[in-house]
Amino acid sequence: MAGWPDPGLYEDASSPVWSLRPNLDRELPFEPEGGSFHVRTNSLGWRGDEPAQGALLCLGDSTTFGWGVEEDEAWPAQLQALLGAPVTNGGVPGYSTFQGLARMDAALATKPSRVLLGFLVRDAELAPMADAERPRSSALPELFLVRAIRNSRTTDPAPPTDRGHPRVPPEQYRANLEALIAQVEDAGAQALVLAFPMQERPAAHLAALEGLPVLAPELPAEA
């Protein structure tokens, strides 16, 4: 992983499209709370049990994965308890719609009935370059690496000085979501975009959601 500490979760960590290692069962440090949390992955590298056919599939980044919390505290597990029906946690820390689109075929192979597309936070995240421009040898996005280093209890590096580019520009974010929704519907499932609230509202990305099937969107403020 280009010399960076590997928190032990990732395969293809030098690729712009990484994945979680399958069949993990381990504790990871969580420095902000001074503690740890347990991670268990299935054969697909997703958190929790093997996906059930016809389940509701939740895709997204660390917000969906449940970084820093136990498996039953992640929101997909809470949703499963609320619905009383199978819910699959397909969240991968650091994912934007770029990675989500690249992995969608594998996700749909689980034959979900509905898919929640929880992509927004990492798409709007600023980075030295867009995800689509990263070379094969590029490591995980810099901010994500900083978190991996912090959780490995090492000294944080200096932050990147050029962070002026969204990882996925708003127009590409819209196009990626449209492609994701089309693939889900072509597979006979229902798609819904889940736009998470953020402290810094990415107005352009939120505006790109207009007309899409969105669950409780955080809409941009009126001028």
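Parameters at a glance
Each chain carries its own residue numbering, running from 1 in the written order of its sequence. Whole-chain, interface and lining totals are the exception, using all residues; otherwise, since this is a predicted model, local features are given only for residues with pLDDT of at least 70 and side-chain atom pairs are given and counted only at 80 or more. Hydrogens and waters are ignored; side-chain quantities use all the structure's heavy atoms. By definition, two strands form a pair when at least two bridges between them are found by DSSP. Going along the chain from the N terminus, every DSSP run of H or I of four or more residues is numbered as a helix, and every run of E of two or more is numbered as a strand. Any two residues whose heavy atoms approach within 4.5 Å are treated as being in contact. Lines fitted to C-alpha atoms define the axes here, with helix axes fitted over just the stretch in contact, and angles between the N-to-C directions of these axes take values from 0 to 180 degrees. The patches described consist of residues with a relative accessible area above 30% and no salt bridge, like charges being joined within 9 Å and nonpolar side chains (Val, Leu, Ile, Met, Phe, Trp, Tyr) within 5 Å. Values of accessible area rely on a 1.4 Å probe in the Shrake-Rupley scheme; residue burial ignores everything except the protein chains shown. Only one rule defines a salt bridge in this text: a Lys or Arg side-chain nitrogen within 4 Å of an Asp or Glu carboxyl oxygen. His is not counted, nor are the chain ends, whereas Lys and Arg count as positive and Asp and Glu as negative. Here the site of a charge means NZ on Lys, CZ on Arg, CG on Asp, or CD on Glu. For every residue, the accessible area obtained with a 1.4 Å probe (protein chains only) is divided by the maximum for its type, and the residue is called buried under 20%, exposed over 50%, and partly exposed between those limits.

**Description of the sheet that holds strand 11 (residues 214–215)**
No. 1: One open sheet accounts for five strands, arranged 6-5-7-10-11; its pairing is parallel. On the outer flanks of this sheet lie strand 6 (87–91) and strand 11, each paired with one strand and no other.
No. 2: Where strand 7 (residues 114–118) and strand 10 (residues 190–194) come together, four bridges link them in parallel fashion. Across the sheet, Leu 116 pairs through a bridge with Leu 192, a residue of strand 10.
No. 3: Running at roughly 170° to strand 6, helix 2 (residues 75–83) makes contact with strand 5 (56–60), strand 6, strand 7 and strand 10 of the sheet.
No. 4: Along the sheet face, helix 7 (residues 170–186) touches strand 7 and strand 10 and points at about 150° away from the line of strand 10.

**Points about a negative patch on the surface**
No. 1: A grouping of Asp 25, Glu 27, Glu 70, Asp 72 and Glu 73 is seen on the molecular surface, where their side chains present a negatively charged patch.
No. 2: Locating Glu 27 in the fold gives a position in strand 3 (residues 25–30).
No. 3: What makes Glu 27 partly exposed here is its relative accessible area of 44%.

Geometric values such as these leave the question of function open.
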